[in-house]
Amino acid sequence: MTPGTLNKYEITKYIEDTIPNFHQRRLESLLALNLKKVLQRKNPYLFRAKNINTASELVKGILDAYLSSQEETIFGGFLEGLAIFICSKVYGGWKSSAEGIDLEFDKDGTRYIVTIKSGPNWGNSGQISKMKENFRKARRILRTSAGVTNVEAVNGCCYGRENSPEKGEYLKLCGECFWTFISGRTSLYMDIIKPLGNRAKEKNEEFLMEYGKAVNRFVRQFIDEFCSEDGLILWDKLLKFNSSATA
């Protein structure tokens with residue numbers, strides 16, 4: 001097919017229209033936090049080994065780790081949507097309905113099936129094996145049900161670098177190479193960075209206000225439940241709450 005066109009205005013408009021959802025979901029994730037649920041998911045042995053002695057340091061540590069993981073997931077969804085939007089404009093790409101496949105499009109007589117990840121170091125051996133199985137299954141379905149004979153699988157990563165993209169069963173394209181692949185534009189990976197910052201300061205100020213309130217609230221709760229009257233962290237009590245066989 002003949003590639004379509006995509007200008008910076010369209011990219012900027014899409015980002016400005018959709019990035020507020022990232023900020024909103026990030027804020028909602030913070031507001032929905034429950035200290036005890038987070039404590040149950042974290043490793044108390046690690047915090048003890050790090051010689052953490054203050055409630056504020058422990059609470060901030062678990063809060064930051066949790067929020068960072070949530071942000072990666074939420075922002076990964078935003079980047080996936082951006083990639084599909086861009087590819088739809090240029091190559092007529094679409095959101096795939098196949099298991100584990102995010103994007104499909106045709107280019108130069110080839111059907112590309114793409115799994116999109118945020119960065120290059122996203123999975124362990126089991127997760128990579130699952131991805132390859134999803135690629136095999138999607139290939140079989142396309143060849144038998146849709147009559148598509150030339151199918152190429154791609155693991156696209158929105159940032160980073162991969163010096164050996166050929167992985168046998170699939171290609172791994174990262175950063176500039178990935179964005180160029182789905183758009184035909186070598187400058188695209190640079191074009192998307194500027195509009196991401198529009199209104200970011202305003203949104204982050206709102207988030208930081210709620211973050212400060214959450215830290216203060218959780219520190220007070222932690223001291224009430226897991227510290228002695230003189231302020232010492234009761235590690236035995238915390239460990240029992242986290243790991244005891246009985247609730």
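Residues numbered from 1 in each chain as written. Predicted model: local features only at pLDDT ≥ 70, side-chain atom pairs only at ≥ 80, totals over all residues. Heavy atoms only, no water.

Student: I keep staring at the overall build of the chain and nothing clicks. Help me out?
Tutor: Helix and strand counts for the chain come out as ten helices and five strands. Counting only C-alpha atoms, the chain reaches 70 × 40 × 30 Å along its principal axes. Counting only residues that meet the buried cut, the chain has 40% of its 247 residues in that class. The long-range share in the chain, meaning contacts at least 24 apart out of those at least 6 apart in sequence, stands at 64%. In the chain, 36 side chains carry a positive charge and 30 a negative one; their mean positions are 2 Å apart. (Helix = DSSP H or I, 4+ residues; strand = E, 2+ residues; numbered from the N terminus. Buried < 20%, exposed > 50% of the residue type's maximum accessible area, 1.4 Å probe, protein only. Contact = heavy atoms within 4.5 Å. Lys, Arg positive; Asp, Glu negative; His and termini not counted. Charge placed at Lys NZ, Arg CZ, Asp CG, Glu CD.)

Student: Looking at this model, I keep getting lost on the packing of aromatic side chains. Mind explaining?
Tutor: Two aromatic rings, taken as a pair, are described by how far apart their centres are and by the angle between their planes. One pass over the structure, following the stated rule, counts twelve aromatic pairs. Every member of this aromatic cluster is reached through a ring pair, and the members are Tyr 91, Phe 105, Tyr 112 and Phe 181. Just above the ring of Phe 207 sits the side chain of Arg 26; from NZ or CZ to the centre is 3.7 Å. Positioned over the ring face of Trp 122 is Lys 117, at 4.5 Å from the centre of the ring. (Phe/Tyr/Trp six-rings, centres within 6.5 Å; stacked < 30°, edge-to-face > 60°. Lys NZ or Arg CZ within 6 Å of the ring centre and 35° of its normal.)

Student: In this structure, what is going on with the packing of helix α4 (residues 55-91) against helix α9 (residues 200-226)? I would like to understand it.
Tutor: Between two packed helices, both the angle of their axes relative to each other and the distance between the axes serve to describe the pair. Close contact between α4 and α9 brings their axes to 9 Å; oriented N to C, the two are set at 135 degrees. The angle between α4 and α9 falls in the class oblique. Relative to α9, α4 is oriented so that their crossing is right-handed. Contacts from Ala 55, Ser 56, Leu 58, Val 59, Lys 60, Leu 63, Asp 64, Leu 67 and Glu 71 of α4 reach α9 at Phe 207, Tyr 211, Val 215, Phe 218, Val 219, Phe 222 and Ile 223. (Axes fitted to C-alpha atoms, helices over the stretch in contact; angles between N-to-C directions. Parallel < 35°, antiparallel > 145°, perpendicular 65-115°, else oblique. Left-handed = near helix turned anticlockwise from the far one by under 90°.)

Student: How should I be thinking about the sheet that holds strand β5 (residues 171-174) in this particular structure?
Tutor: Across a sheet, paired strands are connected by hydrogen bonds in the backbone, their directions being either parallel or antiparallel. If you trace the five strands from one edge of the open sheet to the other, you get β1-β2-β3-β4-β5, paired in mixed fashion. The strands lining the two open edges of the sheet, one partner per strand, are β1 (94-95) and β5. Strand direction decides the pairing type here: strand β2 (residues 103-107) and strand β3 (residues 110-117), joined by five bridges, are antiparallel. Bridge pairing in β3 links Lys 107 to Thr 110. α4 rests against β1, β2 and β3 of the sheet, and its axis sits at about 25 degrees to β2. Those strands touched by helix α6 (residues 176-183) are β2, β3, β4 (151-157) and β5, and its axis lies near 105 degrees from that of β5. (Pairing = 2+ DSSP bridges.)

Student: Even after reading the chapter, I still don't get the pattern of salt bridges, so can you show me in this structure?
Tutor: The full count for this structure, using the stated rule, is 20 salt bridges. Here Lys 95 ties to Glu 80 by a salt bridge, and the two come within 2.6 Å at their closest N and O atoms. With Lys 95 in strand β1 and Glu 80 in helix α4, this pair connects stretches of sequence that are 15 residues apart. The closest approach of N and O atoms between Glu 162 and Lys 167, which form a salt bridge, is 3.2 Å. (Salt bridge = Lys/Arg side-chain N within 4 Å of Asp/Glu carboxyl O.)

Student: Would you mind showing me how to read the state of the cysteines here?
Tutor: What we call a disulfide is simply a covalent bond connecting the sulfur atoms of a pair of cysteines. Enumeration according to the criterion identifies zero disulfides in this entry. Of all cysteine sulfurs in the structure, the one in Cys 174 sits closest to Cys 177, which takes part in no disulfide; the separation is 7.9 Å. Owing to a relative accessible area of 48%, Cys 177 belongs among the partly exposed residues under this scheme. (Disulfide = S-S within 2.5 Å.)

Student: What am I meant to see in α6 here?
Tutor: In an α-helix, one turn spans 3.6 residues; hence positions three or four apart end up facing the same way. When α6 is considered as a whole, its buried residues turn out to be Phe 178, Trp 179, Phe 181, Ile 182 and Ser 183. Among the structural elements, α4, β2, β3, β4, β5 and α7 (188-191) are those in contact with the buried residues of α6. Positive backbone phi, approximately 75 degrees, marks Gly 184, located one or two places after α6.

Student: How should I be thinking about the nonpolar core in this particular structure?
Tutor: Residues Phe 105, Val 114, Phe 178, Trp 179 and Ile 182 are the most contacted members of the largest nonpolar core, which totals 32 residues. Of all the elements in the fold, those that place two or more residues in this core are α1 (8-31), α4, β2, β3 and α6. Per-element tally for this core: the top contributor is α4, with eleven residues. Each residue touching Phe 105, except ones within four places of it in the same chain, is listed here: Cys 87, Tyr 91, Gly 93, Trp 94, Thr 110, Arg 111, Tyr 112, Val 114, Phe 181 and Ile 182. Counting 27 residues, the second-largest nonpolar core is a separate cluster that includes Leu 30, Ile 52, Ala 55 and Phe 218. (Core = buried A, V, L, I, M, F, W, Y, C linked by side-chain atoms within 4.5 Å.)

Student: Sorry, what's going on with the side chain of Thr 115 here?
Tutor: Relative to the helices and strands, Thr 115 resides in strand β3. In this structure Thr 115 comes out as buried when scored by relative accessible area, which is 4%. Filtering out sequence-adjacent residues up to four positions away, Thr 115 remains in contact with Gly 100, Ile 101, Asp 102, Met 131, Phe 135, Val 154, Asn 155 and Gly 156.

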